[in-house]
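Understanding the architecture of this molecule
So the chains spell out like this:
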Amino acid sequence: MISPADSLLKYDTPVLVSRNTEKRSPKIAELETEKRDLERQVNEQKAKCEATEKRESERRQVEEKKHNEEIQFLKRTNRQLKVQLEGITAPKK
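Residues numbered from 1 in each chain as written. Predicted model: local features only at pLDDT ≥ 70, side-chain atom pairs only at ≥ 80, totals over all residues. Heavy atoms only, no water.

Digging into the overall build of the protein chain
- In terms of regular secondary structure, the protein chain is built from two helices and zero strands.
- Within the protein chain, the fraction of its 93 residues that count as buried is 0%.
- Accessible surface, the protein chain: about 9700 Å² in total, of which carbon and sulfur atoms supply 56%. (Helix = DSSP H or I, 4+ residues; strand = E, 2+ residues; numbered from the N terminus. Buried < 20%, exposed > 50% of the residue type's maximum accessible area, 1.4 Å probe, protein only. Areas by Shrake-Rupley, 256 points an atom, 1.4 Å probe, with all protein chains shown as cover.)

Following this line, the structure appears as structure tokens:
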């Protein structure tokens, strides 16, 4: 089993995080801006993905409905043709 001390991440140099925006370095501000931009891009991509999934799901449902209707049409046609064929080939009395 891993001891709790070994399970923690270890850093060579301590990292200080400050909430005071006035004392932050320009690099930190730049990285935070980049982070916000990337989060916005992620949200946009998620929205696009969800819209695409919804659109494709609706398209599949329409295609499935058309397919089922075509199958029912072909079954009806097949039954009608069988009845006609039996009428033609049935022995006449």
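Concerning the pattern of salt bridges
- Within this structure, the stated rule accounts for five salt bridges.
- Ionic pairing is found between lysine 66 and glutamate 63, a salt bridge with its closest N-O pair at 3.7 Å. One end of the pair, lysine 66, and the other, glutamate 63, are both in helix α2 (residues 26–89), three residues apart, so they sit about a helical turn from each other.
- Glutamate 63 sits in the partly exposed class, given a relative accessible area of 38%.
- Through salt bridges with shared partners, a single network forms among Asp37, Arg40 and Glu44. (Salt bridge = Lys/Arg side-chain N within 4 Å of Asp/Glu carboxyl O.)

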